[in-house]
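Summary of the model geometry
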Amino acid sequence: MHDAVWLNARLATMAGPVIRDGALAATAGRISWAGERRDWKGDARVEHDARGAWILPGFVDCHTHLVYAGSRAHEFELRLKGAGYEEIAKTGGGILSTVRATRAASQDELLALAQRRLRSWLAEGAAVLEVKSGYGLDRDTELKMLRVARGLAGVTVKTTFLGAHALPEEYKGRAEAYIDLVCAEVLPAAAAEKLVDAVDAFCERIAFSRHQTARVFDTAKRLGLPVKLHADQLSDLGGAALAAKHGALSADHLEYTGEPGVEALARAGSVAVLLPGAFYFLRETRLPPIAALRRHHVPIALATDHNPGSSPLSSPLLAMNMACTLFRLTPEEALAGFTINAARALGMQSTHGTLEVGKSADFALWQIESPAELAYAIGANPCVGRVRAGAIQ
Ligand code: DI6
Ligand code: FE
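So, a few notes on the structure that sits alongside this text. Note that this is a predicted model, so its numbers are computed, not measured.

As a further point, take the coordination of the iron ion (ligand 2). For the iron ion (ligand 2), every protein donor is listed as His63 (NE2), His65 (NE2), His230 (NE2) and Asp305 (OD), and the spread of their distances is 2.1 to 2.2 Å. One way to put it: the four donor atoms around the iron ion (ligand 2) meet at angles of 82 to 165°, and that makes the site irregular. Mapped onto the sequence, the residues coordinating the iron ion (ligand 2) show the spacing H-x1-H-x164-H-x74-D. Of the two residues, histidine 65 sits in the loop between strand S6 (59-61) and helix H1 (73-80) while aspartate 305 sits in the loop between strand S13 (300-302) and helix H12 (316-327), which places them 240 residues apart along the sequence. Neither residue differs from the other here; histidine 65 and aspartate 305 are each classed as buried.

Topologically, leucine 282 is positioned in the loop between helix H10 (276-281) and helix H11 (290-295). With relative accessibility at 12%, the residue leucine 282 sits in the buried group. Spatially, the C-alpha atoms of leucine 282 and alanine 272 are 20 Å apart, while their sequence positions differ by ten residues. If we ignore the near neighbours within four places in the chain, the residues touching leucine 282 are Arg79, Tyr85, Gln233, Leu234 and Ser310.

A few words on the side chain of glutamine 233. Within the fold, glutamine 233 resides in the loop between strand S10 (228-231) and helix H8 (239-245). Beyond its immediate sequence surroundings of up to four residues, glutamine 233 is in contact with Phe202, Glu204, His253, Glu255, Tyr256, Ala278, Leu282 and Ser310.

Once that is clear, we can look at the packing of aromatic side chains. Within this structure, the stated rule accounts for nine aromatic pairs. A ring pair is formed by phenylalanine 59 and phenylalanine 338, whose centres lie 5.9 Å apart and whose planes are at 50°; its orientation type is tilted. Here phenylalanine 59, found in strand S6, pairs with phenylalanine 338, found in the loop between helix H13 (331-337) and helix H14 (340-345); they are 279 residues apart in sequence, far enough to count as distant. Here the two residues phenylalanine 59 and phenylalanine 338 agree in accessibility, since each one is buried.

As a further point, take the site of ligand 1. Near ligand 1 you find 14 residues, and of these Arg72, Tyr85, Tyr135, His165 and Ser310 are the closest. In this structure, histidine 230 approaches ligand 1 through a side-chain N or O atom, which is 3.4 Å from an oxygen atom. Within the contact set of ligand 1, a nitrogen atom lies 3.2 Å away from a side-chain nitrogen or oxygen of glutamine 233. Computed on the free molecule, ligand 1 has an accessible area of 320 Å², of which 100% lies beneath the protein chains in the complex. Classifying every residue of the shell around ligand 1 by side-chain character gives four nonpolar, eight polar and two charged.

To continue, consider the pairing of strand S1 (residues 2-11). The buried fraction of S1 is high, at eight of ten residues. Sheet topology note: the S1/strand S2 (residues 19-27) ladder contains five bridges and is antiparallel. Bridging from a neighbouring strand, leucine 11 pairs with isoleucine 19 of S2. Where S1 lies against strand S5 (residues 54-57), two bridges are found, and the strand directions are parallel. Bridging across to S5, arginine 10 finds its partner in tryptophan 54.

Below, the discussion takes up helix H4 (residues 107-123). For H4, which comprises 17 residues, the first-to-last C-alpha distance of 25 Å matches the rise-based estimate of 24 Å (1.5 Å per residue) to within 8%. Along its length, H4 reaches its greatest deviation from straightness, about 25°, at arginine 117. Close packing links the buried residues of H4 with S6, helix H3 (95-104), strand S7 (126-132), helix H5 (139-150) and H12. Positioned one or two residues after H4, glycine 125 has a phi angle of 75°, which is positive.

Judged by how many residues are buried, S7 sits mostly within the fold: seven of seven residues are covered. The sheet contact formed by S6 and S7 spans three bridges and is parallel. By the bridge assignment, phenylalanine 59 is partnered in S7 with alanine 126. The pairing of S7 with strand S8 (residues 156-164) spans five bridges and is classified as parallel. When the bridges of S8 are listed, leucine 129 appears paired with valine 157.

Calculation notes
Residues numbered from 1 in each chain as written. Chains lettered and ligands numbered in written order. Predicted model: local features only at pLDDT ≥ 70, side-chain atom pairs only at ≥ 80, totals over all residues. Heavy atoms only, no water. Donors = N, O, S within 2.8 Å, 3.2 Å for Na, K, Ca; no water. Tetrahedral: all angles 85-135°; square planar, octahedral: opposite > 155°, others 65-115°. Helix = DSSP H or I, 4+ residues; strand = E, 2+ residues; numbered from the N terminus. Buried < 20%, exposed > 50% of the residue type's maximum accessible area, 1.4 Å probe, protein only. Contact = heavy atoms within 4.5 Å. Phe/Tyr/Trp six-rings, centres within 6.5 Å; stacked < 30°, edge-to-face > 60°. Near = heavy atom within 4 Å. Polar contact = N/O pair within 3.5 Å; in protein donor to acceptor, adjacent residues only side chain to side chain. Areas by Shrake-Rupley, 256 points an atom, 1.4 Å probe, with all protein chains shown as cover. Nonpolar A, V, L, I, M, F, W, Y, C, P; charged D, E, K, R; others polar. Pairing = 2+ DSSP bridges. Expected span 1.5 Å × (residues − 1). Bend = angle between axes of the 7 residues up to and from the residue.

Here is the structure:
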């Protein structure tokens, strides 16, 4: 006996061909049956009529900086007048301005802000969000951010430690000493409190070098934590190859990654996470190496990269549209980018990302004619239902 079944549904399982007259059952929070309606012979305590809606796996947003205080609307205005993102960062604005606001905010304030932001993802049927630290850059604030992320309600959260996001003001000119602090104190403390699912770094001219990044990755390895990397967003520092060398779950951004970096990702089995929101908002022109990623069969995930400076984007649907219009992904690739491949980028492929028996019964119902509509429409939200662990939300 199954707990519940959804009939009169069209299924995009993301694990095989679409099913135009399907049935999907859930039991004890997991998918217990998925297939053609005519093959459904089971019994369920509750029968739901999906009224012809499409059911897709709940979206997985595998790269966000959801927890922070303050706004950077002022910098947006400066950039519109001609200032550059890197220029603003170098003069103490940028990430450091968000660090000041985040340090000053209490844990409750940060939680209220992030929980409020999260509403947009819930409205679009999200099941999982990855949330990074990185606006604390000191022990107490990094831990505070991670506790806030762990406290978010309504979705499954994966936390990523991003202590190596920027050099805090008090360490100006002493990057190695700051990396010492991250490796000796902040990351171990966060890991000891079980606040960390993965470790990330910003490997960039305006942030940390390859060598500094490698030191953070070595610490992660010692603590048994997987790594991922903000790689080659603004310049080609060989970030993708470095991530691959460390067996990263994913390398993210990748605008400046060349063919050798793509080959390295393919060999390592790392996911390429593309972030069209940042590309759009910073008015970048250098496209990530889509053709090479396809040629080398590197799985492509998409994410919002929600953050106050380079991607104040709160919509997976809009990110999919941007990936298609700006990066020329197909709608099918965009959907895989927010489901199966995003789950893989978080090491969650055994529980999320597809509608398959045994996975979490986390899915969304959509009033659309075809799944491609989700990537095609701009500013519409045809989500008509969200189910989490088998329970209608
Ligand atoms: N890359 C980004 O695009 C964001 N962080 C990062 O490492 C920007 C974060 C910010 O500007 O606040
Ligand atoms: Fe980011």
